[in-house]
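Notes for the structure review
Each chain, letter by letter, is given below.
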Amino acid sequence: MFIIKKIMRKMIQISNITLLIASLSLVLTASLLIVIVEQETFPTIFDGFWWVMTTVTTVGYGDYFPISIGGRLIALFLYIFGIGIIGVAIGKVVDGFAIFRRKKEKGDIVYNESNHYIIIGWSQKAKFAIKEMLDTSDKIEIVIIDDLENAPILAENIHYIRGQASEIETLEKANISKAKAVLIFADDTINNDQLADGKTLLIASAIEAFAPDVHTIVEVMEEAHIKSFEFMKIDEFIVSNETISSLFVRSAFRNGISNVYGQLLRRKYGDDLYFVPMSPAWITYRDAFEALLKQGATLIADRDNLGVNRMLDKDIPVDAELYVICDQITINKIL
């Protein structure tokens, strides 16, 4: 018994690859031997393999069992050593899954895929952003970077990396150079807008230095700070305080206007803003406007230019990005 315990302790220390090879070798060798020793009881290799697997996993259906001395000696060997080796192997697999889950919960992972979205700074706004992103496409991959002790969300396509987003090591773990876009949310635990924007600027500068080609969107608390971000060549800005204040004022002067903005910002109800690819048949903006209108969509912008209705007779440039307002059914037809 002491010898068996010692052997088991040694097996636990064996590397996973060695243990896997040993387990497969044991199962395959035993399957072959039992067929050779007892051809009548185990007529095929699969029958031998079936018996070996039910034996070492302690299921023991009893539909096959050895009757010769040689066959029973093989069975005894499996009882003593096979079950132990397979048990250790299964235990290591289970432990591996448990360790992976713990690492994922603690944010101690490295993300190696590409075309993912990175969200920096966990907050209620970030939570709503993720929900909106998943409503848009449930197949996208999202990586959250923050310094929380545990992952704020655990899902198959949502990953968490713990660390300082201004450090290159953390950005490398998130594979930021191959990300599709990065969203930087202001730290809502900082009450001073200047300090909050300062932290955001530090993160943005690290991203631009390490991955200058990635599309970066930042939340800016004060519009006066945008010049600093423009110097860092940030792609887009969301001015948090001014946006909310402007919406409040517009709603005060015109009842119901907030519902119009709400439809454009959320996909829950009504019409929405969609990008439409160019058609070879469209030469001028009028061609695109009339063709889309017939399908139930209204062309309103080329990139950030909302004056499409004032330049209908102008040719559409090759780098145009057209946006329409319509419902989900209409955009599906157009696409």
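No experiment lies behind these values; they were computed from the predicted model shown. (Residues numbered from 1 in each chain as written. Predicted model: local features only at pLDDT ≥ 70, side-chain atom pairs only at ≥ 80, totals over all residues. Heavy atoms only, no water.)

Observations concerning the overall build of the protein
- A count of helices and strands for the protein gives 12 helices and nine strands.
- Taken across its 335 residues, the protein has 35% of its residues classed as buried.
- Across the protein, the fraction of contacts at a sequence separation of at least 24, relative to all contacts at a separation of at least 6, is 59%.
- When the accessible surface of the protein is summed, it comes to about 20700 Å², and 60% of that surface belongs to carbon and sulfur atoms. (Helix = DSSP H or I, 4+ residues; strand = E, 2+ residues; numbered from the N terminus. Buried < 20%, exposed > 50% of the residue type's maximum accessible area, 1.4 Å probe, protein only. Contact = heavy atoms within 4.5 Å. Areas by Shrake-Rupley, 256 points an atom, 1.4 Å probe, with all protein chains shown as cover.)

A closer look at the nonpolar core
- In this structure, Ile118, Ile120, Ile145, Val182, Ile184 and Ile207 are the most contacted members of the largest nonpolar core, which totals 26 residues.
- For this core, the elements supplying multiple residues, two or more each, are β1 (117–120), β2 (142–146), β4 (181–184), α7 (193–210), β5 (215–220) and α8 (226–231).
- Grouped together as the second largest cluster of nonpolar side chains are 18 residues, Ala297, Leu322, Cys326 and Ile334 included. (Core = buried A, V, L, I, M, F, W, Y, C linked by side-chain atoms within 4.5 Å.)

Regarding unusual backbone geometry
- You will see that Asn115, though not glycine, has its phi angle at about 60°, which is positive.
- Tracing the backbone through its elements, the reader meets Asn115 in the loop between α4 (69–106) and β1.
- The class of Asn115 is exposed, set by a relative accessible area of 53%.
- Not every positive phi belongs to a glycine, and Asn175 is a case in point at roughly 50°.
- Exposure remark for Asn175: the relative accessible area of 13% places this residue in the buried category.

What about the pattern of salt bridges?
- This structure, assessed with the given rule, holds seven salt bridges.
- Here Lys199 makes a salt bridge to Asp187, at a shortest N to O gap of 2.7 Å. Taken together, the residues Lys199 in helix α7 and Asp187 in the loop between β4 and α7 connect sequence positions 12 residues apart.
- We classify Lys199 as partly exposed; its relative accessible area is 36%. (Salt bridge = Lys/Arg side-chain N within 4 Å of Asp/Glu carboxyl O.)

So, the packing of helix α3 (residues 45–56) against α4
- α4 packs onto α3 with a crossing angle of 60° between their chain directions and a minimal axis gap of 8 Å. Relative to α4, α3 is oriented oblique. When you trace α3 past α4, the crossing you get is right-handed. Along the contact surface, α3 presents Trp51, Val52, Thr55 and Val56, while α4 presents Ile74, Ala75, Leu78, Tyr79, Gly82, Ile83 and Ile86.
- When its residues are assigned to classes, the contact of α3 with α4 shows nine nonpolar, two polar and no charged. (Axes fitted to C-alpha atoms, helices over the stretch in contact; angles between N-to-C directions. Parallel < 35°, antiparallel > 145°, perpendicular 65-115°, else oblique. Left-handed = near helix turned anticlockwise from the far one by under 90°. Nonpolar A, V, L, I, M, F, W, Y, C, P; charged D, E, K, R; others polar.)

Some remarks on the packing of aromatic side chains
- Tallied over the full model, the rule gives two aromatic pairs.
- Their ring planes at 50° and their centres at 5.5 Å tell us that Phe42 and Trp51 sit as a pair that is tilted. (Phe/Tyr/Trp six-rings, centres within 6.5 Å; stacked < 30°, edge-to-face > 60°.)

Examining the environment of Lys199
- As for Lys199 and Asp187, which are separated by 12 residues in sequence, their C-alpha atoms are 7.8 Å apart.
- Other than its neighbours up to four places away in sequence, Lys199 contacts Asp187 and Ile190.

Re a nonpolar patch on the surface
- Taken together, Leu20, Leu24, Leu28, Phe46, Phe49, Trp50, Val59 and Tyr61 make up a surface patch of nonpolar side chains, about 850 Å² in accessible area.
- Looking at the nonpolar patch, the elements with two or more residues in it are α2 (16–37) and α3.
- Taking relative accessible area as the criterion, Val59 reaches 46% and is therefore assigned partly exposed. (Patch = residues over 30% accessible without salt bridge, like charges linked within 9 Å, V, L, I, M, F, W, Y side chains within 5 Å.)

Some remarks on helix α11 (residues 285–294)
- Taken as a whole, α11 has its buried residues at Tyr285, Ala288 and Leu292. Projection of α11 onto a plane perpendicular to its axis shows the buried side chains occupying an angular sector of 65°, all on one side.
- Where α11 terminates, the next one or two residues include Gly296, which has phi positive at roughly 100°. (Arc of directions from axis to C-beta.)

Examining the sheet that holds strand β8 (residues 298–302)
- Taken in spatial order, the three strands of this open sheet run β7-β9-β8, and their pairing is antiparallel. Of all strands in the sheet, those bounded by a partner on one side alone are β7 (272–276) and β8. Ignoring strand direction, the axes of neighbouring strands in this sheet form an average angle of 35°.
- Direction of pairing for β8 relative to strand β9 (residues 322–326): antiparallel, over a ladder of four bridges. Bridge pairing in β9 places Leu299 opposite Val324.
- Each of β7, β8 and β9 is contacted by α11, which is oriented at about 145° to β8, the strand it contacts most. (Pairing = 2+ DSSP bridges.)

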